[in-house]
Amino acid sequence: MREHASGGVDVRMAAEVAREVLARSFRNQEAREKGEHIQVRTGFDELDDLTGGLYRGELAVLSGRPSMGKTAVALHMALQAARAGRNTLYFSIEMSEEEVTERILSMLSGVEAGKIRFKGTNREERALLEKAAAELAGLPLRIVYCGSLAIDEIRAVLMTRKARRELDIFFIDYLNLIHIPYTRGSRNETTDLALGDVVRKVKLMAVELDVPAVLLAQMNRDSDRRLAPYLPILSDLRNSGAIEQVADQVIFVYRAEKYGILYDKDTKEDLRGVGYLLVAKNRNGATGRARFRYNVSMTRFLSYENRLL
């Protein structure tokens, strides 16, 4: 009976797994020597140099305080993945497809999102927007508004796209707004337990589908109560300690300018238009910080070495 009960558990010899690991490593090495990227590049050069990018079967959690730029950073990553020919699926819980697309058009064209939405545009800006729309039409980027979808329904969408070979990476924006169906007697009696269960399911989806997953998450207010420069730490992740346990990478979006800090007190560096991606956890690599540049409206991103005009 014990043998029958455990029949569904796959018990494998370490040597067998080692052969598969080495074979995959050698294939990846050959691809790198040919100039191919096995992992998905984020478009932030310092972050890619630090972590290597986003890996198949791994979960990266992107977090930050409200208005810090999580969604803008995630959309930039999604655009870069799509530009590299990766089939990209972006689940938006907070914003509709139209709102997300407005932000994408703004990022591609450099035209302020407010002008697209209500301020109006001039002839030159409309030409830039038409060019951006034409570029977007050629990108394998799909947007799904999933305000009322539970995580199992999101999984069904992903499985369908994978079966159609239309999935290389997916983003979920964001964890704390995912619909959690509560039923009497459910073990998900608290928000912490429910969100922890969602995070584990997202990680399992990344493994099962063999694609990178990027999950956005809110932070609590603890970082705002610290002394300047108010740097976030892992315990600031909101609602669920399971996030820091399950995630392969935890990356915080931090902009000192939001706190009125315009210069680095040690280096005297001008921090206006400079953001940081703080890698607080990296299960298979180094932690540290990666810098990037942005304009005031968060519509353009550049590597730190470059400057926005």
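Conventions used here
- Residues numbered from 1 in each chain as written.
- Predicted model: local features only at pLDDT ≥ 70, side-chain atom pairs only at ≥ 80, totals over all residues.
- Heavy atoms only, no water.
- Helix = DSSP H or I, 4+ residues; strand = E, 2+ residues; numbered from the N terminus.
- Contact = heavy atoms within 4.5 Å.
- Areas by Shrake-Rupley, 256 points an atom, 1.4 Å probe, with all protein chains shown as cover.
- Buried < 20%, exposed > 50% of the residue type's maximum accessible area, 1.4 Å probe, protein only.
- Polar contact = N/O pair within 3.5 Å; in protein donor to acceptor, adjacent residues only side chain to side chain.
- Axes fitted to C-alpha atoms, helices over the stretch in contact; angles between N-to-C directions.
- Parallel < 35°, antiparallel > 145°, perpendicular 65-115°, else oblique.
- Phe/Tyr/Trp six-rings, centres within 6.5 Å; stacked < 30°, edge-to-face > 60°.
- Lys NZ or Arg CZ within 6 Å of the ring centre and 35° of its normal.
- Expected span 1.5 Å × (residues − 1).
- Arc of directions from axis to C-beta.
- Core = buried A, V, L, I, M, F, W, Y, C linked by side-chain atoms within 4.5 Å.
- Pairing = 2+ DSSP bridges.

Moving on to the overall build of the protein. Within the protein, the regular secondary structure consists of 10 helices and 9 strands. Taking the contacts inside the protein whose residues are at least 6 apart along the sequence as the reference set, 68% of them involve residues at least 24 apart. As displayed, the protein offers around 16800 Å² of accessible surface, 49% of which is attributable to carbon and sulfur atoms.

Looking now at the side chain of Ser109. On the secondary structure map, Ser109 appears in helix α5 (residues 97–109). Judged by relative accessible area, which is 13%, Ser109 ranks as buried. At 2.7 Å, the side chain of Ser109 and the backbone oxygen of Leu105 are in polar contact. For Ser109, the side chain forms a polar contact with the main-chain nitrogen of Val111, separated by 3.1 Å. Apart from residues lying up to four places away in sequence, Ser109 is in contact with Leu128, Leu129 and Ala132.

This next bit is on unusual backbone geometry. Excluding glycine, most residues fall at negative phi; most peptide bonds, likewise, are trans. Residues Asp173 and Tyr174 are joined by a peptide bond in cis, for which omega reads 5 degrees. Inspection of the secondary structure assignment puts Tyr174 in the loop between β4 (169–173) and α9 (191–209). In this structure, Pro229 follows Ala228 across a cis peptide bond, with omega equal to 15 degrees. Despite not being glycine, Arg165 shows a phi value in the positive range, around 60 degrees. Take Arg165: it is sitting in the loop between α8 (151–163) and β4. Residue classification places Arg165 among the exposed residues on the basis of a relative accessible area of 75%. With a phi angle near 60 degrees, Tyr230 is a residue other than glycine that sits in the positive phi range.

All right, on to the packing of α8 against α9 then. In contact at an axis separation of 11 Å, α8 and α9 are set at 10 degrees when each is read in the N-to-C sense. Taken together, the axes of α8 and α9 lie roughly parallel to each other. Of the residues in α9, those in contact with Ile151, Asp152, Arg155, Leu158, Met159 and Lys162 of α8 are Val198, Lys201, Val202, Met205, Glu208 and Leu209.

Our focus in this paragraph is the environment of Tyr259. Turning to its location among the elements, Tyr259 is positioned in the loop between β6 (249–254) and β7 (274–282). Owing to a relative accessible area of 23%, Tyr259 belongs among the partly exposed residues under this scheme. Considering only alpha carbons, one finds Tyr259 and Ala228, 31 residues apart in sequence, at a separation of 8.4 Å. Those residues in contact with Tyr259, other than ones at most four positions away along the chain, are Arg65, Met68, Ser223, Asp224, Pro229, Tyr230 and Tyr254. Engagement of the side chain of Tyr259 in a polar contact is seen with the side chain of Asp224, the distance being 2.8 Å.

Here we come to the packing of aromatic side chains. Evaluation of the coordinates by the stated rule reveals 8 aromatic pairs. Taking 6.0 Å as the distance between ring centres and 50 degrees as the angle between the ring planes, the aromatic pair formed by Phe292 and Tyr294 counts as tilted. No difference in accessibility class separates Phe292 from Tyr294, as the two residues are buried. Ring pairing ties together the aromatic residues Phe44, Phe292, Tyr294 and Phe301, which thus form one cluster. The ring of Tyr294 is capped by Arg255, whose NZ or CZ atom sits 5.0 Å from the centre of that ring.

Spacing of three or four residues puts side chains on the same side of an α-helix, whose turn is 3.6 residues. Its 13 residues give α8 an end-to-end C-alpha distance of 18 Å, which sits within 8% of 18 Å, the value for a rise of 1.5 Å per residue. Burial in α8 covers these residues: Ile151, Ile154 and Leu158. Summarising the axial view, the buried residues of α8 lie within an arc of 60 degrees, below the 170-degree limit, and thus occupy one face. Where the residues of α8 are buried, they touch β2 (88–92), β4 and α9.

The subject of this paragraph is the nonpolar core. Counting residues in hydrophobic clusters, the biggest one holds 43 residues, and the most contacted among them are Leu158, Phe170, Ile172, Leu175 and Val202. For this core, the element with the highest residue contribution is α9, accounting for 8 residues. Counting residues in hydrophobic clusters, the runner-up holds 42 residues, among them Met77, Met107, Val111 and Leu129.

Two orientations exist for strands paired in a sheet by backbone hydrogen bonds: parallel and antiparallel. Strand order in the open sheet made by the 9 strands is β3-β2-β4-β5-β1-β6-β7-β8-β9, with mixed pairing throughout. At either end of the open sheet lies a strand with only one pairing partner, and these are β3 (141–145) and β9 (301–303). Going from strand to strand, the sheet's axes swing by 25 degrees on average, the running direction of each strand aside. Strand direction decides the pairing type here: β7 and strand β8 (residues 288–294), joined by 6 bridges, are antiparallel. Pairing of Gly275 across the sheet is with Phe292, part of β8. Most of the contacts of α5 go to β3, to which it runs at about 145 degrees, and overall it touches β2, β3 and β9. Across the sheet, α9 touches β1 (59–64), β4 and β5 (213–218), and the angle it forms with β4 is around 165 degrees.

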